Amino acid sequence: VADEEWLAEGKYVGEELLRQVEGHGEMHAVVRLYLPPGEGEGEPALWRIEHDDGDEEDLWEGEAREAVADYKALLQLGRQGRAS
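Remember, it's a predicted structure, so these values are computed and weren't measured experimentally.

Here we look at the pairing of strand β3 (residues 46–51)
Alright, step 1. The element β3 is largely enclosed, with a buried count of five among its six residues.
Alright, step 2. By the bridge criterion, six bridges tie strand β2 (residues 25–35) to β3 in an arrangement that is antiparallel. Paired with alanine 29 across the bridge in β3 is histidine 51.
Alright, step 3. Relative to strand β4 (residues 56–59), β3 runs antiparallel, the two sharing four bridges. In the sheet register, arginine 48 faces β4, and the bridge partner there is aspartate 58.
Alright, step 4. Count of turn residues in the β3/β4 antiparallel hairpin: four residues, of which glycine 54 carries a positive phi of about 95 degrees.

Considerations on the sheet that holds β4
Alright, step 1. Spatial ordering of the open sheet is given by β1-β2-β3-β4, a layout of four strands whose pairing is antiparallel. Each of the sheet's edge strands pairs with one partner strand only, and the pair in question is β1 (16–21) and β4. On average, each strand axis in the sheet is inclined to that of its neighbour by 45 degrees, with strand direction left out of account.
Alright, step 2. Across six bridges, the pairing between β1 and β2 is antiparallel. Across the sheet, leucine 18 pairs through a bridge with histidine 28, a residue of β2.

Some words on the side chain of histidine 51
Alright, step 1. Tracing the backbone shows histidine 51 in strand β3.
Alright, step 2. Under the relative-accessibility criterion, histidine 51 is labelled buried at 6%.
Alright, step 3. When residues no more than four places from it in sequence are discounted, the contact partners of histidine 51 are Arg19, Val21, Met27, His28, Ala29 and Glu57.

Cut-offs and rules
- Residues numbered from 1 in each chain as written.
- Predicted model: local features only at pLDDT ≥ 70, side-chain atom pairs only at ≥ 80, totals over all residues.
- Heavy atoms only, no water.
- Buried < 20%, exposed > 50% of the residue type's maximum accessible area, 1.4 Å probe, protein only.
- Helix = DSSP H or I, 4+ residues; strand = E, 2+ residues; numbered from the N terminus.
- Pairing = 2+ DSSP bridges.
- Axes fitted to C-alpha atoms, helices over the stretch in contact; angles between N-to-C directions.
- Contact = heavy atoms within 4.5 Å.

Following this line, the structure appears as structure tokens:
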């Protein structure tokens, strides 16, 4: 997929997330780009994330949604811990 098709705005772009990375455990990342779905059936939307170490990874929507939710849950746990 050509880089010019990726968009710097869209669902999840700018969201922080936690991603389980083999050999590294949970890693913080940010959604940087969105690729809308193609016209073909096998061309789903993708989200390009950038890990804190600079590595990039492309996620399907379910993966992106879950990783964003994991980060928000971690933030919520942190808030609850400070409130008690």
